Amino acid sequence: MKLLRVEIEHFACLRQATVDFGPGLNVLYGPNDLGKSTLARAIRAVLLLQHSSSVAREFVEWESDESPSVQLTLSLPDGRIWRIEKRFATPGGASMLRESADGNTFSPFKRGREVDDEVRRMLGWGIASPATKGAPRGLPPSFLGTVLLGEQADVVGVLAQTLESDSDESGRTRLTSALAAFAQDPLFKSVLEEAQGMMDKAFTGTGRPRKGKTSPFSEVSEEVKRIEAELARLRFKVEEGESARRALAGHDRALIERLEVLEGAKEHHEELTLAMDQAKARRLVAQELAQATERLAVEEAALRVFAERQIALHDAQEGIERGGQGITKRVGEREGFLAAEKAAEGAVRRAKSAEAEQARQLRRGELDKRVLELKSDAKEVDEEREVAEKARVLRQTLLESTTAAAELEVSLEEERARAAEAAQSAGEAEEELERLALAALLLRHRGAQAEIDALDVVRGEVEADRLRATERRAEADGLAAKITEELPTRSELAAMRKLEHDLEVAEARLGGGLAVVVERLAAVELSATADGEAVEGLTSASGPVSLEAVSLEAVSLDAVSFDAERGFTLQVGELARITVTAGEREARRTAEDLRGRWQAEVVPTLERLDVADLATLDDVVGESAELERQIAEERKAAEGLDERASIRERQLDKRVALEEELATLTRELEGKPVETARAILDDDAGDDVIEARRVALEAKRGASLRVRDGAEERGRAAQMEGRVLAERIDTARASLEQLGLAEPLGDGEAGGWEARKAELDARASAVAAELERVGEELRELVTGQNDEIGAAEAALEQARARLAKADLGLGEADDALDLLKAKAGELRGELKNQKEQIDKLDVEASEAQVNEIRARLAELPAPPLAPTEEQLRAAEASVAEATAKHEAAKAEVQKAQGAMRSLGGHIARENAKTAEGSLRIAVQKERDVEVEFNAWRLLVETLREAENTEGQHLGEALSQPVTKRFSELTSGRYGKLEVASNLGASELNVSGVQRSIKKLSVGTQEQLATLLRLTIAEELGTTLLLDDHLTQTDPERSAWFRDVLREHAAKAQVIVLTCRPLHYLQQSDMPAEDEVSASRAAGLVRAIDMSKAVVRGGLVDPAG
Amino acid sequence: MSEVGEEEVALRVLHTADWHLGRKFAGFDEADRLKLTRARLEVVDVILSSAERNRVDAVLCAGDLFDGPKPESDWWKGLADKLTLRGWKDRPVVLLPGNHDPLTETSVYHPTHPFRAALPPWVHVVDRDDFELPLGDDALLVARPCRRQSGQDDNALLLPAREEGDTRIRIGMVHGSTFAMPGLQMDFPIAEDAAVQRGLDYLALGDTHAWEVLPPASCPAVYPSAPEPTKFGEGESGSIAVVLFRRHGRSPQIRQERVSAWRWRVETVRDLESLHALARGAELRQTVLRLKVEMRAVPEDYHEVEQILEQLKGTVAAHGRVGVLQVERDDLELDTRGIEQVFEDLPAVVQATARALKEREATEPEVARRALFHLYRLCRERGART
């Protein structure tokens, strides 16, 4: 990056400034308070600060309401030129990034917040995009920002700065990339170089694929595009050919179809014509046949009627004969029916006579008497059977009750034995429970005793803790006595350190280098101090002197010279004391103020505490802090011990209760058989075992008692039942006695009772059967009389019906016979008339004629259709239409064939297929190229990532060139500079010993810092801004730097802001009086008179 | 072909077709394209020399002599020059328009085209449908041109039939395909028995690029093949037919004569040994080789494969062993299993790079493997112990 131009308006003390930069060394010079540092701040702000940042409020020009604005034009290594424009205000601020190819015409590229995003990406200084979550606000800290645009007030800050403060990795990546060239492993470097070379063939510096003829992608990509276009053309041609072919095929098919339609129409017409002719011929013959057939049918019908009448006459004659025979048979049957009627009338009369009624009454009386006798017998038998059954039941009850009473007695005995056994078991359980209760008591006694013993131990521990707490408090008190009172606090110490630093800086700024030569003109005692240190040797009369405090170049008796950086004091005997202080007035005043403050604010403290310097004071404060920490620890430990003791003491409170409980238990145990209980406890039985055993015994005792109670209950129930049975036996015996039966019968008598019962049953059955028979006879006697009269009357009715039916049949037969006779007479007359006509007919001849006509008709072909005239006309019209369409289709085919003439057909398909193959190959090739170069890119990126991750040689890479230059500058006085991997510069090798950089003088630190910056800027090839960074450097080293900066200018741009231009330029480099700037050394050196380039505002910018 | 006495010979003809002058070979490198394109005209010299060597009475060129109907002038001028240089008088050369270079009003064969004017008088173009050319007293050539690039006419069946009593040798020449397959739409189909139907003794055909003789032997129909192959997988191509007709009406004798400079091959190698064998094998300078590499190789073998391919293909500085090489390496894959060990003696940053690339294999397998191979090769070329 190179800055081309900066334009500033209303920025802090600058009303307006425009500076054009050269490509190499730019020295912007002018007196103090001109706004040089403000210009540097403007550059920093336009590059790094968002226009809406609150920090920008500091930039508002005093005594003006205008918003500060800055425009910075710069170029990048890829040749692109950019202009960043910012107007800082909230609200009303604006940012714009413009791009230009020629540096004259700019076009907008980004606006607003996108500007900062793009600028930070372009810079690659390790500053995250403002859009990134957690991105720093205000002026973002960054290692490269500090290195390249470091502030005047923090010249040596770069030595303490590291990459750790960066908000993204771009700074590290950029540095690694730039520094890698001289840091990497040779193999790694070589591999990376080649891979980078291959990658560069295909990709630009920003990682985009190259375009144009030299790009490896272009050739293959163009080939693919070319073939794709060719293929598209061919496919179109194929499709066109196919369409034409399809069209032709379609026309061909249409032609064939239309030809088929035409032929079909013609055929149909012909068929119809033929069918019509055939149909006409057949119609004529068919008419002839119909007439002949009709004649034949008439003749045959006449013959058929004559024959039928002959048959009818024959049938009528047979009917007449059968009718006569039937009438004769019916007359015989009627006579039979008449005789039957008379017999039936006689039978009815007999059944209804008085003798028959008298016989029936007598028999009924006999039967009624017998029924009464039988019923009396049956009642007697029933009574006997009832008594016998009752006695049987009583005897059965008596037997069962006696048996049950005996069984009940046995059961009662068993229950009594069971109850006794259960009662014994319950007693045993009860005794065991008592022993267990005693054991539990004993156990509680033992527990209480053990708990009291444990509390005694706790009491001892509490006492020990209390003792240790007291000891540790005493220890803390002892340590507290060692702490020095009224030490400064940390913040006071930090303020003192800052004051010391400011004083060092202020005094360093006084340093301009003083060479003092003292010539003694008379014998007078001389003494001197240089930079506050005594100069030895001035009072010596002879001999060499050792003057270590200053760089003494020559010593003689009469002439002594020594150097001082900031000032010296020369005491001339009692005559005079000369005090010379270097530096500009303002600087001296600043230093003096600071010295005054030092004396007032720091020295009293140092003296009071009897320490030499702040470092020692720092140690004292540090030791004091350590003591305080130890005291706190001791006191905390003591509190912990006390707290633990208190907690334990609370446990001791329950000891009294325990002792009371123990006494109670002891009393309870007195006089108890504790030996048996001890035996239980000696089995290592604890509370839980005893409790388990107690529960089991309780259960056992309960079960036994329940068994006992159950047995007793059942015994009582059995006794009750026995009593009931005894009552039942007594009752049965009494009943039997009432019935007159003896005492219970033995088993042998049971058979007697059964036989008696059977006998009684048999008697009852016999009586019932006799009663049934007599009843039946009585019923028959009544119904028999009624049946006889009914049957006689029914037979009479039937005989009369048959006679009437026979009379009716006889009449009908007579009528039918008369009808038949009449019909036969009619038929005979008709037959006589027809016979004359039939004799005139020739049926055979008529049949022959019909057959002949039929044969002729059969020979004629039958038409498949029966067309009409209308159909025939329609067929003629179809033929005409089909002919026209066929002609039209032929014309279409010819036209399509003509269209095929210019089409590719198979060739196009073949070419398309070839092109497809070519495209496949070209696409593969394109892909291969992409894979190949993407692989190179991936390799480069991965190598760099790996290198970043490893990161171990980054510091090494930086330390080497810086050390080399620093060694040149200091004539090899210092060894290697140690730079950490995060680029923090920490140590320097001095005479073989690693020393902190902070131990160097301020001037040396600023020179080292400047070299570090130069080296980094040079490696990055980017602009370096030095804002009066070598104020503490002596003329000799300034001259060395001047040469180095000129060398640097050939490689990268550097902008120096200074009030001492001749530290950086030759006189001949300076512009003429009327010039703002002058370019020398082929434009590589440019001197710019700031007083002519800027217009200041009203007040002084404290920063510049 | 058995020896036939001169007195027995009635007629000798050279039958060729499908030169496809001006054909472009997309899919090849520019240099290879030129080689293959130029070869098409170079083989014409070989054909004409064969005609002289075989002392044929006529040269019959059965269509598709140009790749398109309107070739660039380099092609038609080049052909006309080569023909003119021969200076033949009694050996007619007959050029038949095929479907690639049909006879149209603007094509190279049209009587008004400068090509026609550049041709010597003994070169005939079949520019009429009733083209007839007596070949001496005893033979007659009948031919019919393609008049468009696509069509369904059978030009063979449209040739005039032998008239009764005509005993001359009748040769028919048309361009079209006898290759009939159901559903396959071909242009200018030719009935397989067209020669029999039209009473021909020989039917000279062009279109199919592979050698083919269709029966019957008494009146064969012949495709002489493209004298230089035009693509991979064309079958038996690269030849011409020298045909000898004997007196007494016996069947013609046909001899296939190879004329092509290039052979086209497709090879697939699946292991390093096969690739070595191919590289060490027969001379391949006149071969157009499509080489398919299908293998998975550890870095060392992969490196060797790359070297052999380079040796076959050639470099800017050296010719390759193969005349024209097309490599298909889709299925050539670097075997990265255990590749970490390959780098284990190298600097930590290189090892870290290898590890990172191996991890990238999961998302970008092809690119990551290629990058790993580059890393391997670069380290190896720098003497690192890989």
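Computed from a predicted model, the values in this text were never measured in an experiment.

Before going further, it helps to spend a moment on the overall build of chain B. When its secondary structure is counted, chain B shows nine helices and 17 strands. Residues counted as buried form 56% of the 386 residues belonging to chain B. Within chain B, counting contacts between residues at least 6 apart in sequence, those at least 24 apart form 70% of the total. Accessible surface, chain B: about 16,700 Å² in total, of which carbon and sulfur atoms supply 47%.

Our focus in this paragraph is the overall build of chain A. A count of helical and extended segments in chain A gives 22 helices and 22 strands. Put simply, 73% of the contacts in chain A that link residues at least 6 apart link residues at least 24 apart. Accessible surface computed for chain A: about 61,900 Å², of which carbon and sulfur atoms make up 51%.

Let us now look at the interface of chain A and chain B. Contact residues are listed per partner, giving 43 residues for chain A and 45 residues for chain B. When chain A packs against chain B, close to 3,800 Å² is buried across both sides, 57% of that on carbon and sulfur atoms. In this structure, the connection of chain A to chain B is made through six salt bridges. Among the ionic pairs, B:Arg370 bridges to A:Glu932, the shortest N-O distance being 2.6 Å.

Residue and element names in this part refer to chain A. When you line up the elements, Lys189 lands in helix α6 (residues 186–202). Overall, the relative accessible area of 29% leaves Lys189 in the partly exposed class. A sequence separation of 754 residues divides Lys189 from Leu943, and the C-alpha atoms of the two residues are 9.7 Å apart.

Attention now goes to the packing of aromatic side chains. One pass over the full model with this rule turns up 18 aromatic pairs over all chains. Aromatic side chains A:Phe11 and A:Phe59 sit 4.4 Å apart centroid to centroid with 25° between the ring planes, which places their arrangement in the stacked category. Of this pair, A:Phe11 sits in strand β1 (residues 2–11) while A:Phe59 sits in the loop between α1 (36–48) and β4 (69–75), and the two are 48 residues apart along the sequence. Per residue, the accessibility class of A:Phe11 equals that of A:Phe59, and both read buried. The structure contains a cluster of three or more aromatic residues connected by ring pairs, namely B:Phe25, B:Phe28, B:Phe232 and B:Trp264. Sitting over the face of the ring of B:Trp88, B:Arg91 holds its NZ or CZ atom 4.7 Å from the ring centroid.

Once that is clear, we can look at the pattern of salt bridges. Residue and element names in this part refer to chain B. Inspection of the entire model under this criterion finds 95 salt bridges over all chains. Between Glu283 and Arg285 there is a salt bridge; the shortest N-O distance is 3.7 Å. A salt bridge links Glu361 to Lys358; its shortest N-O distance comes to 3.7 Å. Judged by its relative accessible area of 23%, Lys358 is partly exposed.

Now for the packing of helix α5 (residues 272–280) of chain B against helix α6 (residues 299–313) of chain B. For any two helices packed against each other, the geometry is given by the interaxial angle and the distance between the axes. Residue and element names in this part refer to chain B. Orientation of α5 relative to α6, taken along the N-to-C sense of each, is 20°, at an axis distance of 11 Å. Overall, the two elements α5 and α6 adopt an arrangement that is roughly parallel. As α5 packs across α6, the resulting crossing turns out to be left-handed. On the side of α5, the interface is formed by Leu272, Leu275, His276, Leu278 and Ala279, while α6 contributes Asp301, Glu304, Val305, Ile308, Leu309 and Leu312. Taken together, the residues of the contact of α5 with α6 sort by class into eight nonpolar, one polar and two charged.

Before going further, it helps to spend a moment on the sheet that holds strand β7 (residues 169–175) of chain B. Residue and element names in this part refer to chain B. Here we have six strands laid out as an open sheet, ordered β5-β6-β7-β8-β10-β9, and mixed in their pairing. This sheet does not close on itself; its edge strands, each paired only once, are β5 (131–134) and β9 (212–214). Each adjacent strand pair in this sheet contributes to an overall mean axis angle of 20°, direction not counted. As paired strands, β7 and strand β8 (residues 202–206) are joined by five bridges and run parallel to one another. Within β8, the residue paired with Met173 across the bridge is Ala204.

All names here are of chain B. Taken in spatial order, the six strands line up as β4-β3-β2-β1-β11-β12 in an open sheet, and their pairing is mixed. Since the sheet does not close on itself, it has two edges, and those belong to β4 (123–125) and β12 (253–258), each with one partner. On average, each strand axis in the sheet is tilted by 20° relative to the strand beside it, whichever way the strands run. Across three bridges, strand β3 (residues 93–95) lies against β4 in parallel orientation.

On the surface, a cluster of negative charge is contributed by A:Glu257, A:Glu260, A:Glu263, A:Glu267, A:Glu270 and A:Glu271. As for its placement among the helices and strands, A:Glu270 is situated in helix α7 (residues 216–351).

Any residue range with low pLDDT should be treated as having predicted coordinates unsuitable for detailed reading. With 96% of its residues at a pLDDT of at least 70, chain B reaches an overall mean of 91. Two summary scores accompany this predicted model of the complex, namely pTM at 0.45 and ipTM at 0.81.

Residue and element names in this part refer to chain A. Across chain A, the average pLDDT comes to 81, with 91% of residues at or above 70. No element of chain A has a lower mean pLDDT than strand β11 (residues 554–555), which averages 40, and none a higher one than β4, which averages 94. Residue range residues 540–557 is modelled with pLDDT below 50. Its contacts to residues more than four positions away, or to other chains, number 31 contacts. Across residues 1100–1104, where pLDDT falls below 50, the model places 14 contacts with residues more than four positions away in sequence or in other chains.

This paragraph deals with helix α21 (residues 1035–1049) of chain A. In this model, α21(A) (15 residues) spans 21 Å end to end at C-alpha, consistent with the 21 Å of a helix rising 1.5 Å per residue. When α21(A) is considered as a whole, its buried residues turn out to be A:Arg1037, A:Ser1038, A:Trp1040, A:Phe1041, A:Arg1042, A:Val1044, A:Leu1045, A:His1048 and A:Ala1049.

Residue and element names in this part refer to chain A. Residue position: Arg41 is located in helix α1. Its relative accessible area of 18% is what places Arg41 among the buried residues. In terms of polar contacts, Arg41 uses its side chain to reach the side chain of Glu58, at 3.2 Å.

This brings us to the side chain of B:Thr287. Tracing the backbone shows B:Thr287 in strand β14 (residues 284–293). Using a relative accessible area of 6% as the deciding quantity, one classes B:Thr287 as buried.

For the peptide bond that leads from B:Pro215 to B:Pro216, omega is 5°, which places it in the cis range. For B:Pro216, the position within the fold is in the loop between β9 and β10 (221–223). Even without glycine at this site, A:His10 takes up a positive phi of about 55°. When you line up the elements, A:His10 lands in strand β1. We classify A:His10 as buried; its relative accessible area is 16%. A positive phi angle is found at B:Asp207, which is not glycine, with a value near 140°. On the secondary structure map, B:Asp207 appears in the loop between β8 and β9.

All names here are of chain B. For the pair α6 and helix α9 (residues 365–381), interaxial distance at closest approach is 10 Å and the crossing angle is 85°. By the angle between their directions, the pair α6 and α9 is classed as roughly perpendicular. Along its contact with α6, which presents Pro299, Glu300, Tyr302, His303 and Glu306, the element α9 presents Arg370, Phe373, Tyr376, Arg377 and Arg380. Considered class by class, the residues forming the contact of α6 with α9 number four nonpolar, one polar and five charged.

Now for the nonpolar core. Considering soluble globular proteins, one finds that nonpolar side chains tend to be buried as a cluster. Formed by 95 residues in total, the largest nonpolar core has its most connected members in A:Leu47 and A:Trp125. Formed by 59 residues, the second largest nonpolar core is a distinct cluster that contains A:Val940, B:Leu278, B:Met295 and B:Cys379.

What counts, and where the lines are drawn
The residue count restarts for each chain, going from 1 along the sequence in the order it is written. Labels follow written order: the first chain is A, the first ligand is 1, and so on. Under the rules for a predicted model, residues below a pLDDT of 70 receive no local features and side-chain atom pairs below 80 are neither given nor counted, while totals for whole chains, interfaces and linings still include all residues. Values shown for side chains rest on all heavy atoms present in the structure; no hydrogens or waters enter the calculation. Under the scheme used here, helices are H or I runs from DSSP no shorter than 4 residues and strands are E runs no shorter than 2 residues, and both carry numbers assigned from the N terminus. For every residue, the accessible area (1.4 Å probe, protein chains only) is compared with the maximum for its type, and the residue is labelled buried under 20%, exposed over 50%, or partly exposed between those bounds. Between two residues, a contact is recorded if the distance between any of their heavy atoms is within 4.5 Å. Throughout, the Shrake-Rupley method with a 1.4 Å probe supplies accessible areas, and for residues the shown protein chains are the sole cover considered. Buried area adds together the accessible area that both of two parts lose upon being put together, with accessible area traced by a 1.4 Å probe. Definition used for salt bridges: Asp or Glu carboxyl oxygen within 4 Å of a side-chain nitrogen of Lys or Arg. Stacked, tilted and edge-to-face are the three classes applied to pairs of Phe, Tyr and Trp rings, where Trp contributes its six-membered ring and a pair requires centres within 6.5 Å; stacked means planes under 30 degrees apart, edge-to-face means over 60, and tilted covers the rest. Our definition puts a charge over a ring when NZ of Lys or CZ of Arg is within 6 Å of the ring centre and also within 35 degrees of the ring normal. Comment: axis = line fitted to C-alpha atoms, over the contacting stretch for helices; angle = value between 0 and 180 degrees taken between N-to-C directions. The scheme is simple: roughly parallel for angles under 35 degrees, roughly antiparallel for over 145, roughly perpendicular for 65 to 115, oblique for anything else. Helix crossings are classified by the rotation of the near helix relative to the far one: an anticlockwise turn of less than a right angle makes the crossing left-handed, while a clockwise turn makes it right-handed. Under the convention adopted here, Pro, Cys and the residues Ala, Val, Leu, Ile, Met, Phe, Trp and Tyr are nonpolar, Asp, Glu, Lys and Arg are charged, and Gly plus all remaining residues are polar. Any two strands with at least two DSSP-identified bridges between them are counted as paired. Patch definition: residues above 30% relative accessible area lacking any salt bridge, with like charges linked at up to 9 Å and the nonpolar side chains Val, Leu, Ile, Met, Phe, Trp and Tyr linked at up to 5 Å. Note that His is not counted, nor are the chain ends; the positive residues are Lys and Arg, and the negative ones are Asp and Glu. Where a charge lies is defined by one atom per residue type: Lys uses NZ, Arg uses CZ, Asp uses CG and Glu uses CD. For every residue, the pLDDT score states the predictor's confidence, bounded by 0 at the bottom and 100 at the top. Working rule for helices: expected span equals 1.5 Å times residues minus one. Pairing of N or O atoms within 3.5 Å defines a polar contact, subject to two protein rules: one partner must be a possible hydrogen donor and the other a possible acceptor, and residues neighboring in sequence count only if both atoms are side-chain atoms. Put simply, buried Ala, Val, Leu, Ile, Met, Phe, Trp, Tyr and Cys residues joined by side-chain atoms within 4.5 Å make one nonpolar core.

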